[in-house]
Amino acid sequence: MALDLGRVRRSLSTRDGDLTFGQRILGFRWLMLLLLAALVAIGVATLYSAGRGSFSPWADRQLLRFGVGLTALVVVALTDFRIWLRFAYAIYGVGLLLLVAVETIGTTAMGAQRWLDLGPVNIQPSELMKIAMVLALARYFHGLTLEAVARPHYLIPPLLMVFAPAILVMKQPDLGTALTLVLGGGAMFYLAGVRMWKFALVIAGALAAMPFLWERLRDYQKRRILMFLNPESDPLGAGYHIIQSKIALGSGGIFGKGFMQGTQSHLNFLPEKQTDFIFTMLAEEWGMVGGVFLLLLYAAVLGYGFALAVRIRHQFGRLVAMGIVNIMFIYVFVNIGMVMGVLPVVGIPLPLISYGGSAMLTLMAGFGLLIGAYIHREAPLGT
Amino acid sequence: MRHDATRQTVFTRRAAMLMGGQAALFGVLIGRMYYLQVVESDQYAVLADENRIQIRLLPPVRGRIVDRFGEELANSKQNLRVLMIPEAAGNVERVLAALRRAIPIAEHDERRILREVRRKRKFLPVTVAENLSWEQFAAVNLHSPDLPGVQPDIGETRGYPMGEAFAHLIGYVAPVAEADLTGEPLLELPGFRIGKNGVERLQDIALRGKAGSSRVEVNALGRTIRELSRDDGQRGADVALTVDATLQRFAAERLDGESASAVVMDVHTGDLLTLLSVPGYDPAAFNTGLTQRAWQELVSNPLAPLVSKSIAGQYPPGSTFKMMTALAGLDAGVVTPDTRLPCTGSIELGPIEFHCWKRKPGHGALRMAEALEQSCDCYFYELARRVGPDRIAAICHKFGLGHSHQLGLPGERPGLIPTRQWKQTAQGQPWTPGDSFNAGIGQGFVLSTPLQLCVMAARIANGGLAVRPRLLLDIGGEAMALPPAPALGVNPAQLKIVQDGMFRVVNGDFGTAKRSRIAQAGWAFAGKTGSSQVRRISKQERTGRMRKNEEKPWIERDHALFVGYAPYEAPRYAVAVLVEHGGSGSGAAAPVARDIMMECLKRDPSRRGPGERSA
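Residues numbered from 1 in each chain as written. Chains lettered and ligands numbered in written order. Predicted model: local features only at pLDDT ≥ 70, side-chain atom pairs only at ≥ 80, totals over all residues. Heavy atoms only, no water.

Turning our eyes to something else, we now look at the overall build of chain A. Of regular secondary structure, chain A possesses 16 helices and 3 strands. Buried positions account for 55% of the 383 residues belonging to chain A. When contacts within chain A are restricted to residue pairs at least 6 apart in sequence, those whose partners lie at least 24 apart make up 73%. Accessible surface, chain A: about 15800 Å² in total, of which carbon and sulfur atoms supply 68%. (Helix = DSSP H or I, 4+ residues; strand = E, 2+ residues; numbered from the N terminus. Buried < 20%, exposed > 50% of the residue type's maximum accessible area, 1.4 Å probe, protein only. Contact = heavy atoms within 4.5 Å. Areas by Shrake-Rupley, 256 points an atom, 1.4 Å probe, with all protein chains shown as cover.)

Structure (structure tokens):
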């Protein structure tokens, strides 16, 4: 029984938004999952090396998290996409509430108040917020015509949607996430059609507000920025991380020192090799070849995400998909830029590679949304 | 739907722009990666190695010092010890308390450790305990997870199996003092010791060897992870001395309880077979540093255990000097061998009366050989008066008196042979005939070391060859060249007279040391006794009854000396014995010299090669 699946799918999807389970499975983009799994595999291998050739304490747990993330991705992707449209603001509202909650009852880790202890699981609301913000902005711009976007006062609600959580996470203080929210949100304004001069205006305004913001920064944040400008000024103190990271990376050379042979990372000269500085360890052991390979893999994920996004027939799905791509890019760029000393040290993990559950879950769920948006690309969502 | 198409167009264009921007930023990252990992890679590789690689010096094993037959005089033993790096230990007192569970740490040791911790730089290791047993060492290793900064270490201690009899000759090693630092990194290693005296100091560089190094990988906390490469360095060379340890020990036993010195040398090669000073001290005690009390005891001991009497003790040679006066007299022609000079027990020089050791009626008129035999002072007063100090000094110089023999051992002293000019310069007074009298019998200004007296005896014995004392046989297997022994330019016939006189001293009917004769055929020996006054005899004593030596307090008794050589017919070994305040040469020194000579002839060390140790 030869079936023209394409025609069936199209005919079904154009008629109404309901897709059968089989149709959803058919629309699922396995290549994206494969690329993400490849990234996770590299991450697990690096964590295996970081654990001195042992799956504990990091690699095994990272694999477990990947399992959880994978489930989340598949579930989110296969969920009727209209549900996300319907609950976008609600999810955003919950995220904002959790951020306020973490401010009042959160537990402190690594000197910052980021975690919410919910009995068996600690969750990081700021991670959830990244997705929630993308959803809420996409929802907002989905209902806005280009003419309306051109009107300045229509931009006030989405600006609040970005800055309210950004300011909350900055108070935690978590500069990296605040930055991610602002840049990721800004990118969505751009994609929604906001004029360039308005960006110029906001950037000019932000620059004007810099001295004021500087005053609000915590000492360690100020120190990190100053130290970024001149890392050698304090080689044993604040600059230690970045100097050691550059030494480890630079000494890797073109082909690296070999798997499990990274001297600087294994001898603990490299701090936090399993989390924020994992790229350094990878590039020490695999050299520039490994580093470029990883970047190309990320580029493939981002490019493929873009390719999927532009084929989505509704604004909400497009914006969600590209929003996720942007968040992913910001993670990658800020993290790798940081460990190579082109950006200040802000605590941002390398997505899917660094050891850590929240970021893994966020991104896997985010890519679930991306794939889900693609699966339901033809769904009539109204405007 | 129309407007959504526009939105999609805008979205697609702008998304493409974003992707372009992201690609460009990835390009920046790759460019940065290229810069760090390719352009500057070498520099970072160096920095990475500086991070992780430390070079640790490996102290070389110190060479042994052995006698001419290879018997060990100084060796290096394994020393199991515990070091601590204060920086890594953190709370030093707590670590010491934890360490106490494994090994005992005395209270004064703890005080020393804390003092060192305060004084030294924090990353330099401090010695906590040394010379541990294997059990203790293993216990420290077992506890090491609870002992931050504590390093069990296998070091080295210097052992001196021959003990006190060789203390002055071999010397000792001790920790490096501030003043010893030369920038040589080896010297700054904890517990490194250098030769501070004797041969240990003389041959310190050869014994020390060359430091090895170990490149180790350390982690960010400074803990050693593994050894990358190792250069073992070069162990110190073994230094072989000319001495015969068995002979020297024999001499030491013979002189036990005295403050004395004995020197034996080969009259042809100059090999020093014995260079002894008693009492000695325990050279190993300097390894760890003496306690204040032990040091005080050594310093205040009247027998002066710290002084190497054979080279640093300067004594009036007394009658052992008379051969020099005799040779000077013959050489100057002021007497012939048969010239008889009278002795009535004393000789008057102005208001001062110079006594012969044999009181009235004296020796009568003796010829030279007889004067030597009976050690007649009057003969040599007169002879010295005739020949004068400068010609005596010239002969003395030929025979090795009055100047250092440059063995290289610390403390060797030149002695003193007075001349007219010397007295004028040093004392600001002209030479007097009384000075000549004194000099003629080896008193007054004349000073010599036992080593010099032995060289003198050797040069008489070998027929006037300038044999030089030699201490080093080989270093690291490389034999030391035998220094040439050119002729001194002494008339053999004249020398024969002196030799004859010395033969008579031991073998003649009137010989002062006839009781010390060696009866064994072919071993007959020749020599000369000496009893040198250590203080001016007071007027009261001179007018009254002379006290016998045994009645005087020890410190006022005469030094007893004897020089000699054997066998008389074919001389091979020369000996000099000095017993401080021993009373008389014939009573205290000659019998010892005879016994040493007998032992030496029995062992005949010069004629046996290495390995043929036992006699």
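What follows covers the overall build of chain B. Helices and strands together make up the secondary structure of chain B, namely 21 helices and 21 strands. Going through the 615 residues of chain B one by one, you find that 53% of them count as buried. Sequence-distant contacts, at least 24 apart, represent 72% of the contacts inside chain B between residues at least 6 apart. Working note: accessible area of chain B is about 27100 Å², and carbon and sulfur atoms make up 52% of it.

The next point concerns a nonpolar patch on the surface. Residues and elements named next belong to chain A. Nonpolar side chains collect at one region of the surface, where Leu 159, Phe 163, Ile 167 and Val 182 lie side by side and expose about 300 Å² of accessible area between them. If one sorts the elements of the nonpolar patch by residue count, helix H8 (residues 156-170) sits on top with 3 residues. If you trace the backbone, Ile 167 turns up in helix H8. For Ile 167, a relative accessible area of 51% puts it in the exposed group. (Patch = residues over 30% accessible without salt bridge, like charges linked within 9 Å, V, L, I, M, F, W, Y side chains within 5 Å. Salt bridge = Lys/Arg side-chain N within 4 Å of Asp/Glu carboxyl O.)

Residues and elements named next belong to chain B. Taken residue by residue, helix H10 (residues 245-254) has Ala 245, Leu 247, Gln 248, Ala 251 and Ala 252 as its buried positions. Down the axis, H10 shows its buried residues gathered within 165 degrees of arc, on one side only. Residues of H10 that are buried make contact with strand S3 (72-84), helix H7 (167-170), strand S11 (260-266), strand S12 (272-278) and helix H21 (585-603). Backbone nitrogen of Thr 246 and a side-chain oxygen of the N-cap are separated by 3.2 Å at the start of H10; the cap is Asp 244. (Arc of directions from axis to C-beta. Polar contact = N/O pair within 3.5 Å; in protein donor to acceptor, adjacent residues only side chain to side chain.)

Attention now goes to a positive patch on the surface. On the surface, Arg 111, Arg 115, Arg 118 and Arg 119 of chain B cluster together to form a positively charged patch. Looking at where Arg 119 of chain B falls in the secondary structure, it is placed in helix H5 (residues 107-119). (Lys, Arg positive; Asp, Glu negative; His and termini not counted. Charge placed at Lys NZ, Arg CZ, Asp CG, Glu CD.)

This part takes up the sheet that holds strand S19 (residues 526-532) of chain B. All names here are of chain B. The strand order across the open sheet formed by 5 strands is S12-S11-S21-S20-S19, and the pairing between neighbours is antiparallel. Where the open sheet ends on each side, the last strands, each with one partner, are S12 and S19. If you compare each strand with its neighbour and ignore which way they point, the axes differ by 5 degrees on average. Note that S11 and strand S21 (residues 573-579) share 7 bridges and pair antiparallel. From the neighbouring strand, Val 264 faces S21, where its bridge partner is Val 575. Those strands touched by H10 are S11 and S12, and its axis lies near 30 degrees from that of S12. (Pairing = 2+ DSSP bridges. Axes fitted to C-alpha atoms, helices over the stretch in contact; angles between N-to-C directions.)

Our focus in this paragraph is the interface of chain A and chain B. Taken together, the contact pairs 59 residues of chain A with 37 residues of chain B. Overall, the association of chain A and chain B removes approximately 4200 Å² of surface from exposure, summing both partners, and the carbon and sulfur fraction of that is 72%. Taken as a group, Tyr 190, Leu 267 and Met 288 of chain A account for 15% of the area that chain A buries against chain B, more than any other trio of residues on that side. At the junction of chain A with chain B, the criterion picks out 0 salt bridges. Remark: the boundary between chain A and chain B carries 14 residue pairs in polar contact (both at pLDDT 80 or more). Looking at the side of chain A that touches chain B, the elements with two or more residues in it are helix H6 (125-142), helix H9 (175-192), helix H12 (240-252), helix H13 (263-266), helix H14 (278-309) and helix H15 (315-339) of chain A. When its residues are assigned to classes, the side of chain A that touches chain B shows 35 nonpolar, 19 polar and 5 charged. (Buried area = accessible area lost by both parts, 1.4 Å probe. Nonpolar A, V, L, I, M, F, W, Y, C, P; charged D, E, K, R; others polar.)

Let us now look at the packing of helix H5 (residues 81-105) of chain A against H15 of chain A. Residue and element names in this part refer to chain A. Viewed as axis vectors pointing N to C, H5 and H15 meet at an angle of 85 degrees, and their least axial separation amounts to 11 Å. Classed by the angle they form, the pair H5 and H15 counts as roughly perpendicular. Taken together, the residues of H15 that come into contact with H5 (itself represented by Phe 81, Trp 84 and Leu 85) are Phe 316, Gly 317 and Val 320. The residue inventory of the contact of H5 with H15, partitioned by class, reads 5 nonpolar, 1 polar and no charged. (Parallel < 35°, antiparallel > 145°, perpendicular 65-115°, else oblique.)

Residues and elements named next belong to chain B. With respect to burial, strand S8 (residues 212-218) is a largely interior element, 5 of its 7 residues being buried. Summarising the sheet, strand S1 (residues 53-58) and S8 pair through 6 bridges and their orientation is antiparallel. Opposite Leu 57, over in S8, you have Ser 213 as the bridge partner.

A few words now on the nonpolar core. Within the largest apolar cluster, 132 residues are counted, with the highest numbers of intra-cluster contacts made by Phe 141, Phe 279, Met 322, Met 328 and Phe 367 of chain A. Here the element with the most residues in this core is H15 of chain A; it accounts for 18 residues. Sequence-distant contacts of Met 328 of chain A, defined by excluding residues within four places in its chain, comprise Leu 36, Leu 39, Tyr 298, Val 301, Leu 302, Pro 351, Leu 352, Leu 363 and Phe 367 of chain A. Core analysis: the second largest hydrophobic core is formed by 127 residues, Tyr 160, Met 323, Ala 326 and Leu 327 of chain B among them. (Core = buried A, V, L, I, M, F, W, Y, C linked by side-chain atoms within 4.5 Å.)

With that settled, consider unusual backbone geometry. All names here are of chain B. Note the cis peptide between Val 278 and Pro 279, where omega equals -5 degrees. Examined against the element boundaries, Pro 279 turns out to sit in the loop between S12 and helix H11 (292-300). Between Ala 566 and Pro 567 the backbone carries a cis peptide bond, its omega angle lying at -15 degrees. Among the secondary structure elements, Pro 567 is positioned in the loop between strand S20 (559-566) and S21. One non-glycine residue with positive phi stands out, namely Gln 406, at about 50 degrees.

Residue and element names in this part refer to chain B. In contact at an axis separation of 8 Å, helix H15 (residues 377-398) and helix H17 (residues 433-440) are set at 115 degrees when each is read in the N-to-C sense. For the element pair H15 and H17, the recorded crossing hand is right-handed. For the pair H15 and H17, contact is made by Phe 380, Tyr 381, Ala 384, Arg 385, Gly 388 and Pro 389 and by Ser 436, Phe 437 and Gly 440, respectively. Tallied by class, the residues present in the contact of H15 with H17 amount to 5 nonpolar, 3 polar and 1 charged. (Left-handed = near helix turned anticlockwise from the far one by under 90°.)

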